[in-house]
Amino acid sequence: MKKFVVRRIGYSVLSLLLLSLTIFFFVRVTGDPAVLLAEPGASAEDLRIIREQFGLDRPLWIQYGAFMENLLKGDFGKSFYYRTPVLELYLSRLPHSLLLAGAAMVFSLLIGIPTGIIAAVRVNRWWDSIGKVFALLGLSLPSFWVGLLLILFFSVYLEWLPSSGAGTAWHVIMPAFALGWYFAAAHMRLTRSSMLEVLGSEYVKLARLKGLPEALVIAKHAFKNALIPVLTLAGINLVIMVNVAVVVETVFAWPGVGRLLFEGISFRDFPVVQATVILGGAMIIVVNLVVDILYAVIDPRIRLER
Amino acid sequence: MTRPLLEVEDLRTYYFGDRGRRVTKAVDGVSLTLAAGETLGIVGESGSGKTTLALSLLRLLPPAARIVGGAIRFEGEDLLTKSDGEMRRIRGKRIAMILQDPMASLNPLFTVGDQVAEPIRVHEGADRRAARERARELLRSVKIAAPELRVREYPHQMSGGMRQRIVGAIAISCDPRLLIADEPTTSLDLTIQAQYLGLLRELQRRHRLTLIFVTHNLGIVARMCDRVAVMYAGRVVETGPTKAIFDAAAHPYTKALIESIPKLSGARGRLTAIDGQPPDPAALPAGCAFHPRCPKVFERCRQEAPPELPAGEAHAARCWLLPPA
Ligand SMILES: Nc1ncnc2c1ncn2[C@@H]1O[C@H](COP(=O)(O)OP(=O)(O)O)[C@@H](O)[C@H]1O
Ligand code: SF4
Ligand SMILES: [Mg+2]
């Protein structure tokens, strides 16, 4: 168990290191930020001064070394564009992302769990088939496309909902729907398979042998057990939602960390891009680590391994 | 003679797989009669259709299975024409069943007290408090110590033997007329097994239960049952009083089963020592299904399936060796 945890933490640290390395060099391939930061018609000398100011004139590996040194002290650097510490910027955007992810999660569970249960209870009937089509659509339709359709219908055609920005409850509806769509399908699929497994269990058979009404068998004996893996997945997905909302936040101009990343890329604001990618990656890696360790604690086959 | 408690007539339960192209005749023309208070043992190798038969009586089959023919009469009522709601009121109330695996048959997320009280609440409309009180009594009657503490515990806090007794308490909670026990002791170790069988006998006496005891252990049958039905490939190949079966088995399969009981510890006999493979019920041999493994096989066995022929007082078998009726 100890060995497992140590090894698992080692892998996590290694993944983070690789991620930081990759994003550091990749972001520098996107072009020269000085061109975007300087006044229009700036001279070569002006550009050189800007590069020098941000340390971009030094050799790449020296830049990486300085970056990593600061990172270990918890300093992500300053934004080229806003000239404020990136971490502050990130933390000011995070609540918006959490709100959006929370709303998308509620939506995905409200859709995914009941449809998954119906599909399992009516397995291989037409309800189940509709569910399968829905799951396929949910998993394959890109979120920007769903987002644009929503805007076209509810903002442009019906004029019911604001197409962009944040502030009121109305603003969160469409982005939450666009972001939650994929996860609703994923949660439905897992609810269905988990429910099917539980419905075939001996304790459900015994519940039926007792003469309990079928509704009670499903709502009490099957549902609670089937929910455990779904809620585990939902916990992981919540963290993922915070960090993969780039496209949705951009389409709806939602001021979260996803949009911050998009802005960072458009302005070649290297510190912003590095910070959002590394922090997002770290969140996902940590959540996976915690879940793996929790599973190991539950599963004696892993727990007892030395 | 009074009306039997249970009459099963030419019951057929098939599994349909592969969109109906694969048919497994798990129960294929079974007839049984059971008088009130009697104990019937159903024996046979694994896969002979015992569980399918038991579940058919309660009409609680897996989705792939369907009862395609026959009749089941319980206390004079035809169970096959009952609605789902009527069947539900029979299950757990008038016919109860004990499943094989005590570890898996209790729900891990609810307390033992809750699970024992459930049938009482559903069938008798008892309120929570009264049902709790009955649950404590039931646990006491299956010899669980400190029931007032145990009712609040969860299944994982108890041993396998205790869980099996809790499943027993659930089965008798509404005073059923008929109790079906499907290999109730297979997963228990030997001393616990013996204790549990003793408990079942005591419950049977106290509640005047009629018992169907499904097992592949002939030693248990000899101790527990008044009558035996031997199943092979979905059919009852021999049936009769326990003594007659053990003294003068008529069917070669039954004889092989009895010979396979280890002589020293009768209670241990497992049906594994018969030569040849158990048949695949999805592709049964023509004629007598036992003929590929039968030491006495002759020409007619390969062509025609034997009918049930009398072999003594209330004793019959499906074998061509018996003289025609
Ligand atoms: N859910 C199922 N689907 C298809 N076939 C089944 C299913 N359950 C049992 N069978 C088949 O029915 C036959 C009888 O099984 P079962 O009643 O469990 O026998 P036993 O209880 O005597 O071991 C077996 O050959 C098995 O393959
Ligand atoms: S009918 Fe023939 S094959 Fe079948 S049990 Fe009797 S002797 Fe054996
Ligand atoms: Mg069985």
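Predicted model, so just to flag it, every value in this text is computed and none were measured. (Residues numbered from 1 in each chain as written. Chains lettered and ligands numbered in written order. Predicted model: local features only at pLDDT ≥ 70, side-chain atom pairs only at ≥ 80, totals over all residues. Heavy atoms only, no water.)

1. Some remarks on helix α8 (residues 169-199) of chain A
All names here are of chain A.
Piece 1. Here α8 is 31 residues long, yet its end C-alpha atoms lie only 39 Å apart, well below the 45 Å a rise of 1.5 Å per residue gives.
Piece 2. The largest bend in α8 amounts to roughly 45° and is located at glycine 180.
Piece 3. At the N-terminal boundary of α8, the capping side chain belongs to threonine 168, with an oxygen 3.2 Å from the backbone nitrogen of tryptophan 170. (Helix = DSSP H or I, 4+ residues; strand = E, 2+ residues; numbered from the N terminus. Expected span 1.5 Å × (residues − 1). Bend = angle between axes of the 7 residues up to and from the residue. Polar contact = N/O pair within 3.5 Å; in protein donor to acceptor, adjacent residues only side chain to side chain.)

2. Section: the sheet that holds strand β5 (residues 77-78) of chain B
Residues and elements named next belong to chain B.
Piece 1. On the basis of which strands lie adjacent, the open sheet formed by 4 strands has the order β2-β1-β4-β5 and antiparallel pairing. In the strand order of this sheet, the two ends are held by β2 (22-34) and β5, each with one partner.
Piece 2. Across 10 bridges, the pairing between strand β1 (residues 6-17) and β2 is antiparallel. By the bridge assignment, valine 8 is partnered in β2 with leucine 32.
Piece 3. Across the sheet, helix α1 (residues 50-58) lies against β1, β2 and β4 (65-74), angled at about 110° from β1, the strand it touches most. (Pairing = 2+ DSSP bridges. Contact = heavy atoms within 4.5 Å. Axes fitted to C-alpha atoms, helices over the stretch in contact; angles between N-to-C directions.)

3. Details of the confidence of the model for chain A
Piece 1. Of the residues in chain A, 97% have a pLDDT of 70 or more, and the chain-wide mean is 89.
Piece 2. Within chain A, helix α9 (residues 202-209) of chain A carries the highest mean pLDDT (96), whereas helix α14 (residues 300-303) of chain A carries the lowest (60). (pLDDT = per-residue confidence, 0-100.)

4. Focus on unusual backbone geometry
Piece 1. A positive phi angle, close to 50°, is found at alanine 253 of chain A, a residue other than glycine.
Piece 2. Topologically, alanine 253 of chain A is positioned in the loop between α11 (246-251) and α12 (257-266).
Piece 3. Exposure remark for alanine 253 of chain A: the relative accessible area of 28% places this residue in the partly exposed category.
Piece 4. In this structure, arginine 59 of chain B takes a positive phi of about 50° despite not being glycine.
Piece 5. Position of arginine 59 of chain B relative to the elements: it lies in the loop between α1 and β4.
Piece 6. The class of arginine 59 of chain B is partly exposed, set by a relative accessible area of 21%. (Buried < 20%, exposed > 50% of the residue type's maximum accessible area, 1.4 Å probe, protein only.)

5. Here's the deal with helix α10 (residues 214-243) of chain A
The α-helix advances 3.6 residues per turn, and as a result positions three or four apart in sequence lie on the same side.
Piece 1. With 30 residues, α10 of chain A extends 41 Å from end C-alpha to end C-alpha; this agrees with the ideal 44 Å at 1.5 Å per step.
Piece 2. The largest bend along α10 of chain A reaches roughly 45° and is located at phenylalanine 223 of chain A.

6. Points about the confidence of the model for chain B
All names here are of chain B.
Piece 1. Scored by pLDDT, chain B has a mean of 90; 96% of the residues are at 70 or more.
Piece 2. The low-confidence segment residues 266-272, where pLDDT is below 50, has 21 contacts with residues more than four positions distant or belonging to other chains.
Piece 3. At the level of chain-chain contacts, confidence expressed as ipTM amounts to 0.89, with global pTM at 0.82.

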